Amino acid sequence: MNFSEFKDAVISACGDAGITEYELYYQAGESTSVEAFQHDVNEFAASRDGGVCLRCIVNGKMGYASTEALSAEEARALVARAADNASVLEAEEQVFLGEGGQKYEPLRLQPYALPSTEELIAKVLETQEKIYAADPAVVDGCQTQGIAECNEIAIFNSKGLDLHYENNAAGLIAVGVVSDGKEMSNDFQIKLGELSQIDTGALVRKAVDSAKLKLGGEVAPTGQYPVVFSPEAMSDLLQTYASVFSSEAAQKGLSRLAGQEGELVASGIVTLVDDPFHPENPMPIHFDAEGSPTRRKNIIENGRLNTLLYNLKTAAVAGKKTTGNASKSGYTAPVAVQPFTMYLENGSLTEEELLEKAGSGVYIHSLDGLHAGANPVSGDFSLQSAGFMIRGGKKAEYVKSFTVAGNFYTLLKNITAVANNCHLPMAMGMTAFGSPSVLVEGLSIAGK
């Protein structure tokens, strides 16, 4: 039984049970992954998973039930389980289903056919050999991974929603391992898109060059310096602290931005955007997990907090409208709040001009320990870092094994310059984070 047939069976079962308010959320996906280690394929995986979640309102309570089996018998059982779940709930809270008849942004997808398994294997092995041929410093341990996946989402409810989304994504991950005879280092690069259009030479070169930058180097001297974060490092910080912009976190007391909408929370040169249609997002989508239309929005505009991110429930609590940021991590998961493509908007300076403006300080290109060393509730962080000293307005010697410490909320206010090189490190899925290079004052470096 396909989803359309299963949907009809659930509608019938809800009618028989006297349930008039309900929603079906369907999610399915297929993925193929090929990995090469040294010179051979060492791992192959292919999977298909997915299922349906039914939400229904019974006596003002929202019941949930889910299944992977799509059959007429299971449709009746699913409705019974969801109704039973609603009957045992004790919490008194508002419940919502999305309304039909809403207007949605047209999607401008550029679909491409996913590679066959044979094509994926061939591209992975070709890229792997390019890594070994890229530089004399390359040593054993290099890896290449090829990914191809298809994702499908559908939402249908009793209020007129009937939405469907399907999209493909493919890509390559190249891991370069290098040595100078004394130590080894590695780095990786990801590129998504049609495999035949990916410049594998450039992908490999960037991975190997990034790995070589990590060789050698001293520990940065302790002090308080101007710090320039690379696009990748600032993107990692944004991803780590993305939850502070969630209305759900704010309403639970887990974000210091609660009650700050309309207030200055960052430097006047900072604009933070969430855009589900960003051209570098591999999975743009025009509706959220509740069927609400998605849209581009400035979370922070010229330093002022315009809006937190809302779903239907958190918006009702705040007396606002949803921003179309309802999310589900899987079809069985509860509705939460999540950005789509969150990024700092470009400034007017090149990175070279940003370094000149800093004059001296530290350029950080990588951060480690983001889960253990960063606290999204307080905003405090203390993170292992690597990068370069800035001397005379230029990158100087490589430095590593030092700690950068500060507070994310304070960091936003202390951004004094933003470059024009916004970059989104590639990630599979519907959520991505990006940033240009930024100059921040007042951060502490603990090194030698």
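Predicted model only: the values in this text are computed from it and were never measured.

**Quick notes on the packing of helix H1 (residues 3–17) against helix H2 (residues 72–88)**
Here is step 1: Relative orientation of the contacting elements H1 and H2 amounts to 45°, with a least axis distance of 8 Å. When the interaxial angle is binned, H1 and H2 end up oblique. Crossing angle aside, the handedness with which H1 passes H2 is right-handed. Residues Phe6, Ala9, Val10, Ala13, Cys14 and Ala17 of H1 pack against Ala72, Glu74, Ala75, Arg76, Leu78 and Val79 of H2.

**With respect to the packing of helix H3 (residues 117–134) against helix H4 (residues 200–213)**
Here is step 1: At a minimum axis separation of 9 Å, H3 and H4 run at an interaxial angle of 45°. What the angle tells us is that H3 and H4 run oblique. The chirality of how H3 crosses H4 is right-handed. Contacts between H3 and H4 pair Lys123, Glu126, Thr127, Lys130, Ile131 and Ala134 from the former with Thr200, Gly201, Val204, Arg205 and Val208 from the latter.

**Examining the sheet that holds strand S11 (residues 304–305)**
Strand pairing in a sheet is mediated by backbone hydrogen bonds. Such pairs are either parallel or antiparallel.
Here is step 1: Pairing is mixed across the open sheet formed by five strands, whose spatial order is S11-S10-S9-S14-S19. Only two strands of the sheet have a single partner each, and these edge strands are S11 and strand S19 (432–434).

**Comments concerning the pairing of strand S16 (residues 380–391)**
Here is step 1: Strand direction decides the pairing type here: strand S15 (residues 361–368) and S16, joined by seven bridges, are antiparallel. The residue bridging Gly361 from the neighbouring strand is Ile390, located in S16.
Here is step 2: Relative to strand S17 (residues 394–407), S16 runs antiparallel, the two sharing 10 bridges. What sits directly across from Ser385, in S17, is Phe402.
Here is step 3: Connecting S16 to the antiparallel partner S17 that follows it, the hairpin turn spans two residues, and Gly392 within it adopts a positive phi of roughly 60°.

**Topic: the pattern of salt bridges**
Here is step 1: A complete count under the given rule lists 18 salt bridges for this structure.
Here is step 2: Among the ionic pairs, Asp135 bridges to Arg205, the shortest N-O distance being 3.2 Å. On the criterion of sequence distance, the pair formed by Asp135 in the loop between H3 and strand S4 (143–157) and Arg205 in helix H4 is long-range, its members being 70 residues apart.
Here is step 3: Across the salt bridge formed by Asp274 and Lys297, the nearest N and O atoms sit 3.0 Å from each other.

**Observations regarding the environment of Ala315**
Here is step 1: In this fold, Ala315 is placed in helix H7 (residues 312–318).
Here is step 2: When its relative accessible area of 2% is taken as the criterion, Ala315 is described as buried.
Here is step 3: For the pair Ala315 and Ser247, spaced 68 residues apart in sequence, the C-alpha separation works out to 7.9 Å.
Here is step 4: In this structure Ala315 touches Tyr310, Lys320, Lys321 and Thr322, once residues within four positions along its chain are discounted.

**Re the side chain of Thr294**
Here is step 1: Its location among the elements puts Thr294 in the loop between strand S9 (272–274) and strand S10 (297–301).
Here is step 2: Taking the relative accessible area as the measure of exposure, Thr294 reaches 2% and is therefore buried.
Here is step 3: Within the structure, Thr294 has its side chain in polar contact with the backbone oxygen of Ile285 (distance 2.8 Å).

Parameters at a glance
- Residues numbered from 1 in each chain as written.
- Predicted model: local features only at pLDDT ≥ 70, side-chain atom pairs only at ≥ 80, totals over all residues.
- Heavy atoms only, no water.
- Axes fitted to C-alpha atoms, helices over the stretch in contact; angles between N-to-C directions.
- Helix = DSSP H or I, 4+ residues; strand = E, 2+ residues; numbered from the N terminus.
- Parallel < 35°, antiparallel > 145°, perpendicular 65-115°, else oblique.
- Left-handed = near helix turned anticlockwise from the far one by under 90°.
- Contact = heavy atoms within 4.5 Å.
- Pairing = 2+ DSSP bridges.
- Salt bridge = Lys/Arg side-chain N within 4 Å of Asp/Glu carboxyl O.
- Buried < 20%, exposed > 50% of the residue type's maximum accessible area, 1.4 Å probe, protein only.
- Polar contact = N/O pair within 3.5 Å; in protein donor to acceptor, adjacent residues only side chain to side chain.

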